[in-house]
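Report on the structure
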Amino acid sequence: MKILFLSSEVVPFAKTGGLADVAGALPVALEHQGAEVRIALPKYKEIKAEGNFAQIGKRIKVYFIVNDNLYNKDGIYVDEEGKDHSDNLERFAYYCKEALESVKRDGFKPDIIHCNDWQTGLVPVYLKTLYRKDDFFKDTKTVFTIHNLAYTGSFDEGEWGKTGLDKSLFDINGLEYYGRFSLLKGGLIFSDVITTVSPTYAKEIQTKEFGCGMEGILKSRAYSLHGVLNGIDYDIWDPLTDKALYKNYSVDDIKAKYVNKEMLLKELGLKTGINSPLIGTVGRLAEQKGYDILAEIVNRLCDMDIGFVLLGAGEERYQRIFKKVAKKHPSNTSVNLTFNADLAQKIYAASDIFIMPSRYEPCGLGQLISFKYLTVPVARKTGGLADTVIEYNTETGEGNGFLFNDCKPEHLLKAIRKAVSVYKDKQSWLKLIKKIAAYDFSWDRSAKKYIEIYKKVLS
Ligand code: ADP
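Below is a short write-up of the structure. (Residues numbered from 1 in each chain as written. Predicted model: local features only at pLDDT ≥ 70, side-chain atom pairs only at ≥ 80, totals over all residues. Heavy atoms only, no water.)

This paragraph deals with the sheet that holds strand β11 (residues 225-227). Spatially, the 8 strands line up as an open sheet ordered β3-β4-β2-β1-β5-β6-β10-β11, and their pairing is mixed. Every interior strand has two partners, whereas the edge strands, β3 (53-56) and β11, have only one. Neighbour-to-neighbour, the strand axes of the sheet open up by a mean angle of 25°, direction not taken into account. Direction of pairing for strand β1 (residues 2-6) relative to strand β2 (residues 36-42): parallel, over a ladder of 5 bridges. (Pairing = 2+ DSSP bridges. Helix = DSSP H or I, 4+ residues; strand = E, 2+ residues; numbered from the N terminus. Axes fitted to C-alpha atoms, helices over the stretch in contact; angles between N-to-C directions.)

Laid out in structure tokens, this is it:
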């Protein structure tokens, strides 16, 4: 089976979030399952590789789509001030067209083109319009995966010409979206199958609350909408081999985890005792991630006998809040407002508890990484978090983390307090850690599910 995998960010070339992790790992897992895979992504300024190709996995060819006018600037989607690049429509329309042209030039006839998020939304549209009579793609089917429905890739009607599509598609049954047009909607309507990254999110996005106005389309396509949970790449995310850590460890040598804690506390200049819980969080500072919920209680949290470390890049308003917190609690709080992969890995390893207060979460990787690093998640019960984190029962010891339901600061604080009290009971905590150490969230299982979906759509 030949698969062209399209994603605007791919580890190790370019990353702003979980999509890049998925796009770097799933193709390799598909190759493992016997598929022949190729990837295409724009050659952004930050991609330093020479030439127009790279290779990952055993023999996955990666096409860099080159266009200096469009891609040779700082920031994958936004400029330094956080504003969308004004030519994003041209940038991603060009990417979609050129991805198709690249495999065509190469004679690689894909059975499946696997598109991901709005940046690739025009591919299913192009195949069913501009390329409809092109013999090369006549047997090609498209799969469109939603990693985050809220990023709709919407543009003003005045920009329509740049899509190269007939104006008749600017219509409620086409790409029109509240007076503008959405590339994501194009992907949802024109793809042969839709998937998203967890079973719960697949259900949630068919409701008004989570549907971003697309719930009608998603409901009408419910029979071809599948939720497949993401995995994580254990070649990257494994405390036993992770080169970013102060000391590698596994469940057989938990003491070494605490070396990481001790060293990180020292490096960040925190006075938190080694026996007090270290509470970490890593994520985009965006409304989705619920950092405003955390902000409401963070001062009370930092008044407790704990250490708190935050790593996040994003919106100014959250930066301001957390900077203040760090100033107020210098002895036990570390706030790092950048994107730093190495520090992220150190935080997953050094923390005892990892917080994810997301308002919505299509899958979430932080909780899966935490499990692998023997760090216990406190999470909001939504999307992929609800599919992977199970409330800990202090009576029976069942469960693997701590959940809260409503987006209420008090409820988050209550869940953290419960986590801290279980942490203090050393025996229960050790048991809990041993349990999560046995989990397997590697990509193999998910890759098998995708292969099944591909086969079904091809038959
Ligand atoms: P999303 O894709 O919505 O941002 P996920 O939980 O799916 O959220 O994935 C987030 C990924 O990005 C994780 O690998 C996380 O460690 C990483 N990440 C997020 N923010 C940062 C940051 N500031 N520095 C380093 N890594 C980060």
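With that out of the way, let us pick up unusual backbone geometry. With omega at 10°, the peptide bond leading from valine 11 into proline 12 counts as cis. Relative to the helices and strands, proline 12 is located in the loop between β1 and α1 (18-32). Even without a glycine there, the phi angle at aspartate 117 is positive, about 60°. Within the fold, aspartate 117 resides in the loop between β5 (112-116) and α4 (122-128). When its relative accessible area of 8% is taken as the criterion, aspartate 117 is described as buried. Positioned with a positive phi, tyrosine 178 is a non-glycine residue whose angle comes to about 50°. As for its position among the elements, tyrosine 178 is in the loop between β8 (176-177) and β9 (180-182). The class of tyrosine 178 is exposed, set by a relative accessible area of 65%. (Buried < 20%, exposed > 50% of the residue type's maximum accessible area, 1.4 Å probe, protein only.)

Across the sheet, which stays open at both edges, the 6 strands sit in the order β14-β13-β12-β15-β16-β17 with parallel pairing between neighbours. This sheet does not close on itself; its edge strands, each paired only once, are β14 (333-336) and β17 (402-404). Going from strand to strand, the sheet's axes swing by 15° on average, the running direction of each strand aside. With 4 bridges connecting them, strand β13 (residues 307-311) and β14 associate as parallel partners. Paired with leucine 311 across the bridge in β14 is asparagine 336. Running at roughly 150° to β13, helix α9 (residues 291-303) makes contact with β12 (278-282), β13, β14 and β15 (353-356) of the sheet. (Contact = heavy atoms within 4.5 Å.)

Before going further, it helps to spend a moment on the site of the ligand. Taken together, 22 residues form the shell around the ligand, and within it Gly18, Arg284, Lys289, Thr338 and Tyr348 come nearest. In this structure, an oxygen atom belonging to the ligand sits 2.8 Å away from a side-chain N or O atom of lysine 289. Contacts to the ligand include threonine 338, whose backbone N or O atom sits 2.9 Å from a nitrogen atom. When the ligand is considered free in solution it has 570 Å² of accessible area, and contact with the protein chains removes 92% of it. Contributing elements (two or more residues each) for the shell around the ligand: α1, α11 (341-350) and α12 (366-372). Considering each element in turn, the shell around the ligand owes the most residues, 3 residues, to α11. A per-class count over the shell around the ligand returns 10 nonpolar, 8 polar and 4 charged. A domain-level breakdown of the shell around the ligand finds at least three residues from each of domain 1 (2-231 + 443-458) and domain 2 (251-436). (Near = heavy atom within 4 Å. Polar contact = N/O pair within 3.5 Å; in protein donor to acceptor, adjacent residues only side chain to side chain. Areas by Shrake-Rupley, 256 points an atom, 1.4 Å probe, with all protein chains shown as cover. Nonpolar A, V, L, I, M, F, W, Y, C, P; charged D, E, K, R; others polar. Domains from an automatic or database assignment.)

Once that is clear, we can look at the state of the cysteines. Going through the model one piece at a time under the given rule, you end up with 0 disulfides. You can see cysteine 115 has no disulfide; the closest cysteine sulfur is in cysteine 96, sitting 7.2 Å from it. Here cysteine 407 is not disulfide-linked; the sulfur of cysteine 212 is the nearest cysteine sulfur, at 14 Å. (Disulfide = S-S within 2.5 Å.)

Between α9 and helix α14 (residues 409-424), the least distance of the axes is 8 Å, while the angle of their chain directions is 50°. Taken together, the axis directions place α9 and α14 in an arrangement best described as oblique. Crossing of α9 against α14: the hand is right-handed. Where α9 approaches α14, its residues Ile293, Leu294, Glu296, Ile297, Arg300 and Leu301 are matched on the opposing element by Pro409, Glu410, Leu412, Leu413 and Ile416. A class-by-class count of the residues in the contact of α9 with α14 yields 8 nonpolar, no polar and 3 charged. (Parallel < 35°, antiparallel > 145°, perpendicular 65-115°, else oblique. Left-handed = near helix turned anticlockwise from the far one by under 90°.)

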